[in-house]
Amino acid sequence: MLAQPVSTVWIRTQLPANVSRRPDVHAVEVTEREVVVRSHGFSLAPLGLLASPPAPPAVTGYAFRIPRQPQPAAGRHAHVPSDATGVFVNGVPVYNHFEAASYRGQNLWHYDLVARNDDGTSTVAGRKRADLTHPTAPGLLERLAVCAGGKHSPLIGFAFDGYPIYGPCTTQGPVRSGYRLRDITVREVWPDGTVMAPGQAGPPVSDEYPLGTFVEDYVYVAGAGALDRYNGRFAATPEYPQGTYAYYLSTEGGKLAFPYLLAHEYQGEYASETFRPSATAGIVSLEKKNDSLRFQIDSPTPIRYLEFVHERPLHLLIISEDLQDFAHLHPEVNPQGTWETTYSFPRPGRYRLYADFTPPGGAQRVTQFDLLIPGKPTRPAKASIPAGVELDRTRPWRAGEDTQLRFTLNLPGLEPYLGAWAHVVIVGEGLSSFLHAHPLEASPIAPSEAHIHTREALGPPPREVSVAAVLPRAGRYKLWLQTQSAGTVLAIPFEIEVSAAQAKTPVSTVIPPGAIRVQVTPEGFVPARVTAPPGKAFTLALTRSSAPNCGNTIVIPALGISRDLPLGATILIELPPHAQGALSFSCGMGMYRGSLVIGSEKN
Ligand SMILES: [Cu+2]
């Protein structure tokens with residue numbers, strides 16, 4: 001029987017085994033169900049723009065597992081992983097260039113990093129840019145982009161669903177992808193129709209951000225090209241004369257064209273692990289299996305891109321019912337679009353899990369799940385407060401009032417943690433209420449640098465931070481201050497007692513006719529998008545009926561406006577005539593965002 005290409009096509013290293021780091025493929029192991037290809041992930045021949053970034057120092061080698069009998073996906077197609085999606089025949093990973101960087105680091109408008117590293121020499125979408133001083137030199141794959149003489153391109157790799165990857169040329173010439181640039185001028189709606197919430201829009205189309213800058217600038221148009229939405233097709237090839245499904249390197253006019261190799265999902269079955277939720281709350285489901293915790297956020301299909309807020313797409317807080325155990329974790333998304341993490345619960349007992357996330361097109365949400373960990377109750381580990389950290393207890397805390405919690409932070413080597421000097425989680429006795437707050441002081445990280453994880457903090461660490469909160473009822477509360485000192489993340493517990501609310505005489509404000517009314521609610525601004533006529537003065541009437549955590553100030557940065565909004569009050573903001581355009585407004589900590597559209601909405 002003819003040996004399968006998946007076991008024979010690999011470029012083997014020429015160097016002996018005693019050499020520590022060897023280029024190309026070291027070993028190929030063929031088992032009944034899969035082929036395991038081992039390499040150090042690099043080759044001497046540069047691949048060019050589609051090369052993967054150098055392996056992190058911790059990676060000593062790769063073992064790529066490729067199914068020998070790929071099957072078309074039965075149900076939903078698995079999303080390709082956010083790092084490697086396959087392997088080239090020389091043992092170099094096929095890298096996912098579509099998820100590593102996004103506009104403002106929000107994980108909503110993703111840069112096409114292939115085009116971003118090219119000045120237009122090798123890609124259709126590449127452009128000369130002032131900040132692109134060293135465009136990536138063309139390599140092996142760019143050289144494949146020119147088809148001649150009806151010669152079929154070589155097999156260049158395998159995707160992890162088992163289907164082969166070819167260069168762009170077939171006996172009928174180069175194959176074109178079915179992805180086309182969208183006809184848009186603003187970036188407020190994703191190709192799947194998701195309307196971005198205020199603050200989630202990408203930059204308008206411009207010379208700085210031309211169409212093709214972002215992955216979301218493309219839409220799949222059935223029939224527009226020879227390749228399907230996975231960027232492949234079924235056809236006969238030199239290695240598979242009977243025909244096979246295969247992915248192709250897409251080109252246009254001899255240049256690499258989006259999505260280049262694999263698009264967003266696999267054609268074939270891939271690592272599908274059935275998700276069996278044990279609890280569902282709203283659009284979120286939870287599955288607990290041993291120490292693995294998996295969440296699925298369906299709207300209606302699983303959401304893969306949650307907005308990066310404080311540098312992470314999903315914040316999971318786990319708190320024991322007796323308020324003794326606390327954990328703050330960051331589940332990551334897998335190819336099925338399930339968010340997973342592991343946590344070994346320290347003691348038997350009841351726990352509440354809070355999943356804090358911001359979906360595309362929506363406002364921040366916190367979904368809760370209760371879990372009972374079976375077993376005989378045990379005593380909690382004693383938590384300690386490090387020297388140098390204090391909570392200012394000089395002022396009483398009263399229920400229902402805007403409260404400031406002020407902490408002294410005399411810790412060695414204080415560093416930003418998740419883009420802030422501190423995070424505070426506050427929970428009422430019996431898990432009655434939950435607040436996730438951040439310092440009012442300016443963020444240590446420039447918003448434009450939010451996506452760069454190893455950047456310098458803006459200025460020296462503060463000696464004090466304060467967070468604003470409204471504690472809804474009287475009683476005992478537990479809070480955890482999280483901060484990072486010399487590389488270690490600390491969770492410092494405090495207990496506070498909140499006294500009963502003072503009777504207040506409601507302040508009634510006369511709202512002038514024609515004023516634009518906005519409610520500040522726990523779900524954010526309602527409505528979050530308001531329109532006003534151009535060239536006319538108008539009044540915004542903001543009412544804060546409930547006590548959302550972030551809502552005690554309103555800022556309109558473009559107009560230098562920042563106003564306090566007391567609980568239960570309505571404030572009037574008179575705005576001068578304004579030309580057509582959009583003004584963003586938000587609450588003090590930026591968690592609630594709104595957009596004031598002057599004149600008609602475009603697109
Ligand atoms: Cu977090």
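Small disclaimer: the values here were computed from a predicted structure and weren't measured. (Residues numbered from 1 in each chain as written. Predicted model: local features only at pLDDT ≥ 70, side-chain atom pairs only at ≥ 80, totals over all residues. Heavy atoms only, no water.)

### Structural notes on the coordination of the copper ion
Here is step 1: Looking at the copper ion, one finds its protein donor set to be His315 (ND1), His328 (NE2) and His330 (NE2), positioned 1.8 to 2.0 Å from the metal centre.
Here is step 2: In the primary structure, the donors to the copper ion are separated according to the pattern H-x12-H-x1-H. Highlighted residues: His315 in strand S19 (residues 314-320) and His328 in strand S20 (residues 326-329), separated in sequence by 13 residues.
Here is step 3: Judged by relative accessible area, His315 falls into the buried class, the value being 4%.
Here is step 4: On the accessibility criterion, His328 (11% relative accessible area) is buried. (Donors = N, O, S within 2.8 Å, 3.2 Å for Na, K, Ca; no water. Helix = DSSP H or I, 4+ residues; strand = E, 2+ residues; numbered from the N terminus. Buried < 20%, exposed > 50% of the residue type's maximum accessible area, 1.4 Å probe, protein only.)

### A word on empty space enclosed by the protein
Here is step 1: In the structure shown here, the tally under the stated rule is four cavities of 30 Å³ or more.
Here is step 2: What the largest cavity holds in volume is close to 110 Å³.
Here is step 3: Tyr95, Asn96, His97, Phe98 and Leu262 are, among the 14 residues lining the largest cavity, the residues nearest its centre.
Here is step 4: Looking at the lining of the largest cavity residue by residue, the class counts come to 11 nonpolar, three polar and no charged.
Here is step 5: Taken as a whole, the second largest cavity holds about 100 Å³ of empty space.
Here is step 6: The wall of the second largest cavity is formed by Asp112, Ala115, Arg116, Ala125, Gly126, Arg127, Arg129, Glu208, Pro210, Gly212 and Thr213.
Here is step 7: Along the lines of polarity and charge, the residues of the lining of the second largest cavity split into three nonpolar, three polar and five charged. (1 Å grid on protein atoms, 1.4 Å probe; cavity = no way out; pocket = protein on both sides within 12 Å on 5 of 7 lines; lining within 4 Å. Points joined across faces, edges and corners; volume = space filled by probe spheres on them. Nonpolar A, V, L, I, M, F, W, Y, C, P; charged D, E, K, R; others polar.)

### Points about the side chain of Ser7
Here is step 1: Within the fold, Ser7 resides in helix H1 (residues 5-8).
Here is step 2: Judged by relative accessible area, which is 18%, Ser7 ranks as buried.
Here is step 3: Residues within four places of Ser7 in sequence aside, it is in contact with Val28, Val30 and Val35. (Contact = heavy atoms within 4.5 Å.)

### Comments concerning the pattern of salt bridges
Here is step 1: One pass over the full model with this rule turns up 18 salt bridges.
Here is step 2: Its salt-bridge partner being Arg187, residue Asp217 comes within 2.8 Å of it at the nearest N-O pair. Within this pair, whereas Asp217 is found in the loop between strand S10 (179-181) and strand S11 (218-220), its partner Arg187 is found in the loop between S10 and S11, the two being separated by 30 residues in sequence. Each member of the pair, Asp217 as well as Arg187, carries the same accessibility label: buried.
Here is step 3: The shortest N-O distance in the salt bridge between Arg347 and Asp322 comes to 2.8 Å. One end of the pair, Arg347, is in the loop between strand S22 (339-342) and strand S23 (349-357); the other, Asp322, is in the loop between S19 and S20, with 25 residues separating them in the sequence. (Salt bridge = Lys/Arg side-chain N within 4 Å of Asp/Glu carboxyl O.)

### Structural notes on the domain arrangement of the protein
Here is step 1: As assigned here, the protein comprises domain 1 (279-373), domain 2 (389-498) and domain 3 (516-598).
Here is step 2: In this complex, domain 2 contributes 11 residues to the contact, which on the side of domain 3 involves nine residues.
Here is step 3: Interface area lost by domain 2 to domain 3 is led by Asp402, Ala468 and Val470, which between them contribute 53%.
Here is step 4: Linking domain 2 with domain 3 are zero salt bridges.
Here is step 5: Viewed at the interface, domain 3 and domain 2 are joined by zero residue pairs in polar contact (both at pLDDT 80 or more).
Here is step 6: Among the elements of the structure, strand S29 (434-437) and strand S30 (464-470) are those that each provide at least two residues to the side of domain 2 that touches domain 3. (Domains from an automatic or database assignment. Buried area = accessible area lost by both parts, 1.4 Å probe. Polar contact = N/O pair within 3.5 Å; in protein donor to acceptor, adjacent residues only side chain to side chain.)

### Points about the side chain of His79
Here is step 1: With respect to the helices and strands, His79 occurs in the loop between strand S3 (62-67) and strand S4 (84-88).
Here is step 2: Classification of His79 by relative accessible area gives buried; the value is 11%.
Here is step 3: Looking at His79, its side chain comes within polar contact range of the side chain of Arg304, at 3.1 Å.
Here is step 4: Setting aside anything within four residues of it in sequence, one finds His79 in contact with Glu99, His264, Glu265, Tyr266, Arg304, Tyr305 and Pro335.

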